[in-house]
Structure formats: C-alpha cells, structure tokens
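# An overview of the molecular structure
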Amino acid sequence: MTACTVIGLGEAGATYAAALVAAGHQVTGFDPVAPDTPAGVFRATTAAEACVAADIVLVLTGAAAARSVAEECLPVMAEGSCYADFTSSSPHVMQELGQLPTNADFADVAILGPVPTQGVKTPLMVSGPGAAAVAALLAPMGAAVEIADGEPGAAMAHKLLRSVLMKGFASVVVEAVTAGRAAGLEDWIRGQIARQLAGDGQAVIDRFLVGTAKHARRRSKEMQDTASFLQDDLKVPAEMTTAAASALERMAVEPADEPAAEPAGKAGVLR
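Keep in mind the model is a prediction, meaning the values are calculated, not measured.

What the protein chain contains, in helices and strands, is 11 helices and 8 strands. Whereas a compact globule of 271 residues would reach a radius of gyration of roughly 18 Å, the protein chain reaches 23 Å, over 25% beyond that. With the principal axes as the frame, the protein chain shows a C-alpha extent of 65 × 40 × 30 Å. Looking at the protein chain as a whole, 39% of its 271 residues are labelled buried. Long-range contacts, defined as pairs at least 24 residues apart, comprise 56% of the intrachain contacts of the protein chain with a sequence gap of at least 6. Per element, the accessible surface of the protein chain, about 14300 Å² overall, is 59% carbon and sulfur. One way to put it: in the protein chain the 19 positive side-chain charges average out to a point 13 Å from where the 30 negative ones average out.

Structure representation (structure tokens):
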C-alpha cells in the first residue's frame with residue numbers, strides 16, 4: 001500500500017483519488033474549493049499537511065496554481081518521495097518547478113487524453129527523476145505510461161506538440177463539417193475527412209510537407225476564396241480557413257530548401 005496524496009479534487013483529481021482508493025492505496029486529498037471528497041479519501045486542511053507523509057503526490061490543479069502548490073508542498077516532502085505535476089504548465093515552468101529545493105523526486109506528467117471518459121487508464125507521458133515512481137503506481141491500474149527522455153518539461157513539450165495536431169485538426173474538422181452542413185453537404189464532407197484518416201499516414205505527412213510549400217501560392221488564393229465562400233455565402237465561421245490562407249501566403253514568399261520529389265499520390269489525398 002502506497003501513501004498517496006492528490007492535490008486538486010476536481011473532475012480529474014477525484015477520478016484518480018477514487019481509483020487509488022479502489023486499488024488499495026492510502027489516499028489523502030486537498031482542495032480548497034471542491035465541495036465533495038471521494039469515498040475513502042482523507043481530506044487534509046492544507047496542501048502541505050496532505051504532503052508531509054506522502055510517498056507520492058499527484059497534483060491535478062489548474063496550471064495557474066502549479067507554482068504556489070509546488071512551493072508549499074515540495075519543502076515538506078520526505079526523502080525518496082515523488083511529486084508528480086499533472087498540470088498543463090509550460091515546459092519552461094515544469095523545468096523551473098523541477099529545480100525547487102526538495103527531498104522529493106519531481107515528475108512532469110502530461111495527460112494525453114480525456115480523463116472524464118478514459119479515467120485512470122488515460123495515456124500519460126512522464127519525464128524527470130520521479131517518472132519511474134509514477135509509472136510504478138499507475139501502470140498496474142491500467143494506465144499506458146510512457147517515460148520520455150530528459151528532465152522535467154520534456155513530457156509537456158511532447159504534449160504541446162501533440163496539441164498542435166490534435167486541437168488544430170479538431171478545429172479544422174469542426175469548421176469543415178459546419179460548412180458542409182450549411183451547404184447541405186455534411187455527409188459528403190464527413191466522407192472526405194474519413195477518407196483522409198484511412199490512408200497511409202506517413203505518406204500523407206510526406207505529401208503535406210512537400211506539397212504544401214511547393215503549391216503555397218496557388219493554395220493561398222484558393223483558401224482566401226474558400227474563406228469568402230464560408231463567411232459570405234454560407235454564413236459560417238472561417239477562422240481555420242483564414243489562418244491556413246495566411247500560413248500559405250507566408251510560405252509562398254519564404255525561401256525554401258530544394259524540395260524532394262513529391263510522392264506519388266493516392267486517391268483521396270488532399271490537393
């Protein structure tokens with residue numbers, strides 16, 4: 001049985017706290033505002049009190065509180081314990097928190113999925129001296145824990161790079177389907193999206209990397225026209241389309257290395 005502390009008993013924190021109790025661990029929690037405490041969790045009156053006897057501390061607050069929580073908790077932690085910061089703080093902040101004076105091993109933990117739907121099995125990426133302790137605690141509970149090479153901040157750097165894709169792609173899909181619905185072509189545009197997702201992923205990436213710069217000038221004008229179509233004719237938002245037009249316009253005037261031959265296309269690959 002491990003003495004675990006969860007700082008932040010909101011939706012994600014309460015999920016982890018309840019799962020740790022169910023796994024047979026001793027769990028202490030702290031949250032100054034959350035009205036409820038998961039069954040089996042002892043609720044401390046301060047964050048520092050919650051951490052004094054902890055083997056491992058999981059911090060699931062908002063990123064804005066990461067520094068103040070770390071400054072309160074890290075000084076009281078015992079030799080050989082682990083302080084795991086799950087907040088969505090920047091890599092730079094994680095590096096700074098990892099250098100604060102403490103006896104604990106610091107871990108930067110990036111959550112790579114929605115905790116409300118995947119629970120404690122949500123994939124995680126961890127870096128820093130405490131990474132192995134986080135994996136040892138949560139992997140037996142079903143979490144896919146990947147340890148990233150490097151100091152604190154490395155895991156969050158991976159997550160933010162992933163966010164460029166996941167949040168950006170999600171926003172593009174929302175804009176495309178919204179426009180398709182307004183045009184009476186929602187089923188067709190959904191099929192186009194699904195077709196892209198079903199292709200050879202690496203081949204699509206290579207085509208995008210080569211073809212986007214090569215055809216940037218033509219595509220910039222096309223996306224400007226597309227933005228006008230969405231806004232003026234369909235009366236729907238076009239933020240992602242407008243951003244794409246701007247990015248392509250920039251690429252069209254930037255000096256570029258001589259591109260490799262563009263890979264042979266497959267039907268359905270975006271042009």
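Let's shift gears to the nonpolar core. One finds L20, F86, V134 and L138 to be the most contacted residues of the largest nonpolar core, which totals 29 residues. Sorting the residues of this core by element identifies β1 (3-7), α1 (11-22), β4 (56-59), β5 (82-85), β6 (105-111), β7 (124-127) and α6 (131-138) as the ones contributing at least two each. Discounting chain neighbours no more than four positions away, the residues touching L20 are C4, V6, H25, V27, L58, L137, L138 and M141.

What follows deals with the confidence of the model for the protein chain. When pLDDT is averaged across the protein chain, the result is 91; 94% of the residues are at 70 or more. Of all helices and strands in the protein chain, the one with the weakest mean pLDDT is helix α9 (residues 201-214) (87), whereas β4 scores best (98). Note that residues 259-271 has pLDDT below 50 and, in this model, 24 contacts with residues that lie over four places away or in other chains.

A few words now on a nonpolar patch on the surface. Taken together, the side chains of L165, M166, F169 and L197 define a hydrophobic patch exposed on the protein surface, amounting to about 400 Å² of accessible area. Take the nonpolar patch: its biggest share by element is 3 residues, from helix α7 (residues 154-182). Here F169 lies in helix α7. For F169, a relative accessible area of 37% translates into the label partly exposed.

A word on the packing of aromatic side chains. Per the counting criterion, the structure on display carries 2 aromatic pairs. For the ring pair Y83 and F106, a centre distance of 5.7 Å and an interplane angle of 25° mean the geometry is stacked. Here Y83, found in strand β5, pairs with F106, found in strand β6; they are 23 residues apart in sequence, far enough to count as distant. What makes F106 buried here is its relative accessible area of 3%.

The N-to-C vectors of α7 and helix α11 (residues 239-253) enclose an angle of 120°; their axes lie 8 Å apart at closest approach. Between α7 and α11, the crossing angle belongs to the class labelled oblique. Contacts from G168, S171, V172 and E175 in α7 reach E239, M240 and T241 in α11. Its residues assigned to classes, the contact of α7 with α11 comprises 2 nonpolar, 3 polar and 2 charged.

Now for unusual backbone geometry. In this structure, K235 takes a positive phi of about 60° despite not being glycine. If you trace the backbone, K235 turns up in the loop between α10 (216-234) and α11.

Glancing now at the environment of R67. Checked against the element boundaries, R67 lands in helix α3 (residues 66-73). Taking the C-alpha atoms as reference points, R67 and R218, separated by 151 residues in sequence, lie 47 Å from one another. If we skip the residues at most four places from it in the chain, R67 touches V93, E96 and L97. One polar contact links R67 to E96, side chain to side chain, over a distance of 2.6 Å.

The terminal C-alpha atoms of α10 lie 25 Å apart, and with 19 residues this matches the ideal 27 Å at 1.5 Å per residue to within 8%. Every buried residue of α10 is listed here: A216, R219, S220, A227, L230 and L234. Here the buried residues of α10 occupy an arc of 130° about the axis, which is enough to place them on one side. Looking at α10, the residues exposed on the side facing more than 90 degrees away from the buried face are R217 and D233. Here the buried face of α10 lies against α7, α9 and α11. Downstream of α10 by a residue or two, K235 has a phi angle that is positive, lying close to 60°.

Conventions adopted
- Residues numbered from 1 in each chain as written.
- Predicted model: local features only at pLDDT ≥ 70, side-chain atom pairs only at ≥ 80, totals over all residues.
- Heavy atoms only, no water.
- Helix = DSSP H or I, 4+ residues; strand = E, 2+ residues; numbered from the N terminus.
- Rg over C-alpha atoms; globule rule 2.2 N^0.38 Å.
- Buried < 20%, exposed > 50% of the residue type's maximum accessible area, 1.4 Å probe, protein only.
- Contact = heavy atoms within 4.5 Å.
- Areas by Shrake-Rupley, 256 points an atom, 1.4 Å probe, with all protein chains shown as cover.
- Lys, Arg positive; Asp, Glu negative; His and termini not counted.
- Charge placed at Lys NZ, Arg CZ, Asp CG, Glu CD.
- Core = buried A, V, L, I, M, F, W, Y, C linked by side-chain atoms within 4.5 Å.
- pLDDT = per-residue confidence, 0-100.
- Patch = residues over 30% accessible without salt bridge, like charges linked within 9 Å, V, L, I, M, F, W, Y side chains within 5 Å.
- Salt bridge = Lys/Arg side-chain N within 4 Å of Asp/Glu carboxyl O.
- Phe/Tyr/Trp six-rings, centres within 6.5 Å; stacked < 30°, edge-to-face > 60°.
- Axes fitted to C-alpha atoms, helices over the stretch in contact; angles between N-to-C directions.
- Parallel < 35°, antiparallel > 145°, perpendicular 65-115°, else oblique.
- Nonpolar A, V, L, I, M, F, W, Y, C, P; charged D, E, K, R; others polar.
- Polar contact = N/O pair within 3.5 Å; in protein donor to acceptor, adjacent residues only side chain to side chain.
- Expected span 1.5 Å × (residues − 1).
- Arc of directions from axis to C-beta.

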